[in-house]
Amino acid sequence: KECWPLVQKALGESFVKAELDLIEGSMTVSTTKKTYDPYSIIRARDLIKLLARSVPFDQAVRILQDDMACDIIKIGSLVRNRERFIKRRQRLLGPKGSTLKALELLTNCYIMVQGNTVSALGPFNGLKEIRKVVLETMKNIHPIYNIKALMIKRELAKDPELRTKSWERFLPTFKHKNISKRKEPKKSVKREYTPFPPPQPESQIDKELASGEYFLKESQKRRKKLEEIKAKQAEAVTKRQEERNKAFIPPKEKPAVKQQKVSTSTKIDVN
């Protein structure tokens, strides 16, 4: 609401009409009879998209320039586990936003990580790199590897001789450290064929009937559970105490002076 007059002014230069409906909660852009640039409506749509993703107006208004483009990368559905998703999204930002700053400097783009999306704004080549980095980060590849490769590419681009050649030999190759321990294939033992199906596994009720727990009252069951928990706790306490007492057991000491063996032979060489 605060920056809407500025949005209208910016879009008014290319004769695009913008409307803000606070009751419905919508932003609308439409062409007028004076609109001369057919692509201006696409740029206006991108502008309100970026504003909806909470990109500041000073940055979002740059989309109206000819050499600028924007990309909204959806990362919410890439990782199932919520905690893991938050960790990987934090990895994009880095400590005190240093990783994000490095990416911005290398790609000349503005990046905004917000909720389940990453909004990027800048030249096309930079956006392509950012999309690759973001998607790989969500696949558990640390962004520092891509940043290293980007830095090397930036230096190589300055050399006129290397521009047309392949850069494969210069780029670092990172090997996965967590190689599976098992090298040889698993040997499967063939079982004898039996026409009878395996016996039906016992259900929880069957087990309770066998132990007689099924006929206990609710309070008795609760008491029994509490006793089991207390027994486990007591066992854990004794184990912990034994571990602590190990530190106080003195080690076996070796004798200070070695006993020299007295020669028992009394034979004398006469010669």
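Residues numbered from 1 in each chain as written. Predicted model: local features only at pLDDT ≥ 70, side-chain atom pairs only at ≥ 80, totals over all residues. Heavy atoms only, no water.

A. Representation of the packing of aromatic side chains within the structure. Under the counting rule described, the total for this entry stands at two aromatic pairs. Both rings, one in Phe 15 and one in Tyr 36, keep their centres 6.2 Å apart while their planes meet at 70°; by these two values the pair is edge-to-face. On the criterion of sequence distance, the pair formed by Phe 15 in the loop between α1 (4–12) and β1 (16–21) and Tyr 36 in the loop between β2 (26–31) and α2 (40–52) is long-range, its members being 21 residues apart. For Phe 15, a relative accessible area of 33% corresponds to the partly exposed category. (Phe/Tyr/Trp six-rings, centres within 6.5 Å; stacked < 30°, edge-to-face > 60°. Helix = DSSP H or I, 4+ residues; strand = E, 2+ residues; numbered from the N terminus. Buried < 20%, exposed > 50% of the residue type's maximum accessible area, 1.4 Å probe, protein only.)

B. Local environment of the domain arrangement of the protein chain. Each domain of the protein chain was delimited in the assignment, giving domain 1 (1–66) and domain 2 (68–171). When domain 1 packs against domain 2, close to 1100 Å² is buried across both sides, 65% of that on carbon and sulfur atoms. The largest contributions to the domain 1 side of the interface with domain 2 come from Leu 50, Arg 53 and Arg 62, which together make up 45% of the buried area. Along the contact surface separating domain 1 from domain 2 lie zero salt bridges. The greatest single-element share of the side of domain 1 that touches domain 2, amounting to four residues, is contributed by α2. In terms of residue class, the side of domain 1 that touches domain 2 is built from five nonpolar, three polar and six charged. (Domains from an automatic or database assignment. Buried area = accessible area lost by both parts, 1.4 Å probe. Salt bridge = Lys/Arg side-chain N within 4 Å of Asp/Glu carboxyl O. Nonpolar A, V, L, I, M, F, W, Y, C, P; charged D, E, K, R; others polar.)

C. Looking closely at the UniProt feature "domain: K Homology" (unreviewed entry) in the protein chain. The sites that carry the UniProt feature "domain: K Homology" (unreviewed entry) are, in the present numbering, residues 67–139. With 51% helix and 23% strand, the stretch residues 67–139 has end C-alpha atoms that lie 30 Å from each other. (UniProt positions renumbered as here; feature names shortened; annotations may be inferred.)

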